[in-house]
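Report on the structure
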Amino acid sequence: MSDEERDLTDDDEERRPLGLVLLTALYLFFFLVTASTYGHPFPFMGKIYVGTPAKVLVFADSLVCLYLFLGLAKRQLMTWYLLICYNLFEIVNTIVNLNVISTAELERVIGERIDHDALLINNIASALAILLLTQYIYRHRNFFTNRKVYLF
């Protein structure tokens, strides 16, 4: 490849910022974690779903995470909005679940003893991490340069 061709290739493609690469990898991880919970009880908006409803919710959540991963990979601007909405929804869902679902109900569904304090601390830490992640995403809107409405 000649120097001219190499320069054209470098100019045509935008450099992918490290933060965007890490975000893309993180949402791929979120997709894999969500998909791996298929068939297990699923807490959603203050209720624990089991069986088919839980599978449907996990499938839907997996599709959303897959869309977010692909949108990040393609730097789609629409994904920026969806990331913020999805993350804020996850924080609200976590808070509602903590306030509505009792430890006894969780223990009954899971079949194991649960440390209430550890559950509370882990969920609050997760919500704070997602909040900080959302703040990072909000501040880096400039990473999302693809203004196309559809992924494909």
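If you're wondering where the values come from, they're calculated on a predicted model, not measured in any experiment.

**Here's the deal with the packing of aromatic side chains**
- What the rule picks out here adds up to 7 aromatic pairs.
- Ring geometry for Phe29 and Phe30: centres 6.4 Å apart, planes at 45°, overall tilted.
- With centroids separated by 5.9 Å and ring planes inclined at 45°, the aromatic side chains of Phe44 and Phe89 adopt a geometry described as tilted. In this pair, Phe44 sits in strand E1 (residues 42-44) while Phe89 sits in helix H4 (residues 77-100), placing the two residues 45 residues apart along the sequence.
- Under the relative-accessibility criterion, Phe89 is labelled partly exposed at 33%.
- An aromatic cluster of at least three residues, connected via ring pairs, comprises Tyr27, Phe29 and Phe30.
- For Arg141, the ring lying beneath its charged end belongs to Trp80, and the centroid distance is 4.8 Å.

**Describing the layout of surface pockets**
- Empty space within the largest pocket amounts to approximately 1000 Å³.
- Forming the boundary of the largest pocket are 30 residues, of which Phe42, Pro43, Glu90, Thr94 and Asn123 lie nearest the centre.
- Contributions of two or more residues to the lining of the largest pocket are made by helix H2 (18-36), E1, helix H3 (52-73), H4, helix H5 (103-110) and helix H6 (116-139).
- Counting residues per element, the lining of the largest pocket draws most heavily on H4, at 7 residues.

**Here's the deal with the environment of Leu23**
- Here Leu23 lies in helix H2.
- Excluding anything up to four places from it in sequence, Leu23 contacts Leu72, Leu133, Tyr136 and Ile137.

**Some points on the confidence of the model for the protein**
- When pLDDT is averaged along the protein, the result is 91; 91% of the residues meet or exceed 70.
- In the predicted structure, residues 4-12 sits below a pLDDT of 50 and forms 3 contacts with residues beyond four places in sequence or in another chain.

**Some details on the side chain of Thr34**
- Here Thr34 is to be found in helix H2.
- Overall, Thr34 belongs to the buried group, its relative accessible area being 11%.
- A polar side-chain atom of Thr34 sits 2.8 Å from the main-chain carbonyl oxygen of Phe30.
- Residues within four places of Thr34 in sequence aside, it is in contact with Val58, Asp61, Ser62 and Cys65.

**A word on the packing of H4 against H6**
- Running from amino to carboxyl end, H4 crosses H6 at an angle of 165°, the nearest separation of the two axes being 10 Å. Between H4 and H6, the angle is such that the two are roughly antiparallel. The two elements H4 and H6 cross, and the hand of that crossing is left-handed. Of the residues in H6, those in contact with Trp80, Leu83, Ile84, Asn87, Leu88, Glu90, Ile91, Thr94 and Leu98 of H4 are Leu119, Leu120, Asn123, Ile124, Ala127, Ile130, Leu131, Leu133, Thr134, Ile137 and Tyr138.
- For the contact of H4 with H6, a count of residues per class yields 15 nonpolar, 4 polar and 1 charged.

**So, the pattern of salt bridges**
- This model, assessed by the stated rule, comprises 1 salt bridge.
- Of the charged contacts, one joins Glu107 and Arg113 as a salt bridge, the two residues approaching to 2.9 Å between their closest N and O atoms.
- Relative accessible area serves as the criterion here: at 74%, Arg113 is assigned to the exposed category.

**Observations concerning the nonpolar core**
- Counting 16 residues, the largest nonpolar core has Leu23, Tyr27, Leu72, Trp80, Leu83, Ile137 and Phe144 as its most contacted members.
- The set of elements that each furnish at least two residues to this core consists of H2, H3, H4 and H6.
- Broken down by element, the residue count for this core peaks at 5 residues, all from H4.

Cut-off values and rules
- Residues numbered from 1 in each chain as written.
- Predicted model: local features only at pLDDT ≥ 70, side-chain atom pairs only at ≥ 80, totals over all residues.
- Heavy atoms only, no water.
- Phe/Tyr/Trp six-rings, centres within 6.5 Å; stacked < 30°, edge-to-face > 60°.
- Helix = DSSP H or I, 4+ residues; strand = E, 2+ residues; numbered from the N terminus.
- Buried < 20%, exposed > 50% of the residue type's maximum accessible area, 1.4 Å probe, protein only.
- Lys NZ or Arg CZ within 6 Å of the ring centre and 35° of its normal.
- 1 Å grid on protein atoms, 1.4 Å probe; cavity = no way out; pocket = protein on both sides within 12 Å on 5 of 7 lines; lining within 4 Å.
- Points joined across faces, edges and corners; volume = space filled by probe spheres on them.
- Contact = heavy atoms within 4.5 Å.
- pLDDT = per-residue confidence, 0-100.
- Polar contact = N/O pair within 3.5 Å; in protein donor to acceptor, adjacent residues only side chain to side chain.
- Axes fitted to C-alpha atoms, helices over the stretch in contact; angles between N-to-C directions.
- Parallel < 35°, antiparallel > 145°, perpendicular 65-115°, else oblique.
- Left-handed = near helix turned anticlockwise from the far one by under 90°.
- Nonpolar A, V, L, I, M, F, W, Y, C, P; charged D, E, K, R; others polar.
- Salt bridge = Lys/Arg side-chain N within 4 Å of Asp/Glu carboxyl O.
- Core = buried A, V, L, I, M, F, W, Y, C linked by side-chain atoms within 4.5 Å.

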